[in-house]
Amino acid sequence: MTDELGINFASQPDGRRSTSKSGRSIVAAALRPVDPVGARAAEAETAWRTGYLLHFRRLVEAGSATPQDWRSIAAAGLAAAYEQSAVVTSQGEVPLASVISTEAESRLETVEVAGRGDAETEFSLPYRGRRLRGADLEDQLADWARRGVLEPSAADVVTTVAAHPEWLGLPGHTVAVLGAGAEMGPLRALLRWGATVAAVDLPSPAVWQRVLAAADEGAGRLLVPTRSGAVGVALADRVGVDLLTGVPAVADWLGGLDGRPVLGNYLYADGASHVCISLAADALALRVGGIRPDLVLAYLATPTDAFVAPREAVEHSTRAYAERSITAKVIGRPLRWASRGRLMHRAYPFGANPAMADCLVAVQGPNYALAKRIQRWRATTAAADGQVVSFHVAPSTRTRSVVKNRALAAAFAGAHRFGVEVFDPSTSNVLMAALLVHDLMAGVPSHEHPWQDEAYAAVHGGLWRAPYEPRSALGLSAMLGYAASRG
């Protein structure tokens, strides 16, 4: 890591910023209150960039025993993440927590862009070149539930939203979209539905031209932060903030907007920067929450992580494995033998209830896993404190940030052969926006254990209910995807 100003990993005694050492320390600290043996194993891991999978899975396993164990891991993990991070200033490093109370160096002003379109009065879902509504939408949701592409609760939620089109405009709410230009974000859908959206993204004219165009075409209100004193400059050239250096200013800006605030994290960055930007968003949530106690938090979880799968998902997967085709059985047996059990093995052991849906993908790396785990930890601790949290597992999606990785792109191309559906961004972002609308307008149900909160209305694309453990089929999926692309 470099010494650029802003939120960063804390420097080690030798002056370096080691993402691997920090990652090991954070995971070990998270495990320590519940699983001290697992904590020692994480600390002793010498091949963190490949061995991290076991330890991130163990975080979920160790917390699944009791709700208190789950929450203890989340709280300890967040505390360690803050300890292993810092704010780099021109005078040196200061603790990350300082941005929660530090006075903003500048003030952001608001420009409002009103859409010129008419608000959509009926929910519709773009899917494979069609707009699904009414009976067609219900049929598709039922088909996804039958095939195990999503949890049945997700189909129920979308059906409920479709029956209440008056919810789409989110009256009384202002949704702050962190990562306004993100393909998975709800910005376009919310603006088409007539909602009020506060957009936060980097000061990139190309990004803001797309965002402003979406606002103009939509029917909602787009609120954008501008630097004071920027007069006579095109709007796309004078908006945007880098959260790594701008948490205090953005928090103060968001805290002063009308409507019940909703803070949605849709940020992404490559490598270690993803961890830093997740921490920036987390500090922002704490600071805005201090200004506005009615703050709602919203997160999209990656499906390529480790989760606790509900009994129904395990039973679905078990049936799918037992009923796989003769060809799959004939091919699978020698592959399992030749790979010493690493390929094409069943997803769950017999009788597991609940069980681990281990969907971690090594190629994404430990920094990606940590960045997304920080969000899960905050969702857990915030909900435990009584804060409203909209948290949903989103499906694997062909976003630009994903398909630029050739291995993942190839695996996505062959995933359908193993019971997994990969979505286009236009489908994913509208589907997940509908889940957010439901949570804000109908409320978030409470469950006995926090893992059940994560499983509720999950759209995992089939990873939890497919016949094979995901990593045992990933290589073959990629091979088939490569072959299809060349054919």
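Reading guide: rules and limits
Position numbers for residues start from 1 in each chain and track the written sequence from start to end. In view of the model being predicted, local features appear only for residues whose pLDDT reaches at least 70, and side-chain atom pairs are presented and counted only at 80 or more, with totals across whole chains, interfaces and linings using the full set of residues. Think of the side-chain values as coming from all heavy atoms in the structure, minus any hydrogens and water. Note on aromatic contacts: the rings of Phe and Tyr and the six-membered ring of Trp form a pair at centre separations within 6.5 Å, being stacked when their planes are under 30 degrees apart, edge-to-face when over 60 apart, and tilted otherwise. Helix numbers and strand numbers start at the N terminus; a helix is a DSSP run of H or I with at least 4 residues, a strand a run of E with at least 2. Only protein chains enter the accessibility calculation, which uses a 1.4 Å probe; a residue whose area is less than 20% of its type maximum is buried, one above 50% is exposed, and one in between is partly exposed. A positively charged side chain is recorded as over a ring if its NZ (Lys) or CZ (Arg) lies within 6 Å of the ring centre. The angle to the ring normal must also be within 35 degrees. Pairing between strands is defined by DSSP: at least two bridges between them are needed. Axes here refer to lines fitted to C-alpha atoms; in helices the fit is confined to the stretch in contact. Angles between the N-to-C directions go from 0 to 180 degrees.

Caption draft 1: View of the packing of aromatic side chains. Summed over all chains, the structure comprises nine aromatic pairs. Arranged with centres 5.8 Å apart and planes meeting at 85°, the rings of Y52 and F56 form a pair that is edge-to-face. Of the two residues, Y52 and F56 both sit in helix α3 (residues 48-63), four residues apart, roughly one turn of that helix. Relative to F423, the ring of W144 has its centre 5.2 Å away and its plane inclined at 45°; by these criteria the two rings are tilted. Of this pair, W144 sits in helix α5 (residues 134-147) while F423 is found in the loop between α15 (406-414) and α16 (425-442), placing the two residues 279 residues apart along the sequence. Residue W144 is classed as buried on the basis of its relative accessible area of 0%. Following the ring pairs from residue to residue traces out a cluster consisting of W48, Y52 and F56. Looking at R324, its charged tip hangs above the ring of Y321, at a distance of 3.9 Å from the centre. The residue whose ring lies beneath R346 is F350, and the NZ or CZ to ring-centre distance is 4.0 Å.

Caption draft 2: Region of interest: the sheet that holds strand β2 (residues 85-89). Taken together, three strands build an open sheet; the order of strands is β1-β2-β3 and the sheet is antiparallel. Here the strands that pair on one side only, and so sit at the sheet edges, are β1 (6-9) and β3 (92-95). Along the sheet, successive strands turn relative to each other by an average axial angle of 45°, direction set aside. Inspection of the sheet shows β2 paired to β3 by four bridges, in the antiparallel sense. Bridge assignment links A86 to a residue of β3, and that residue is P95.

Any functional reading would require information beyond the geometric quantities listed.
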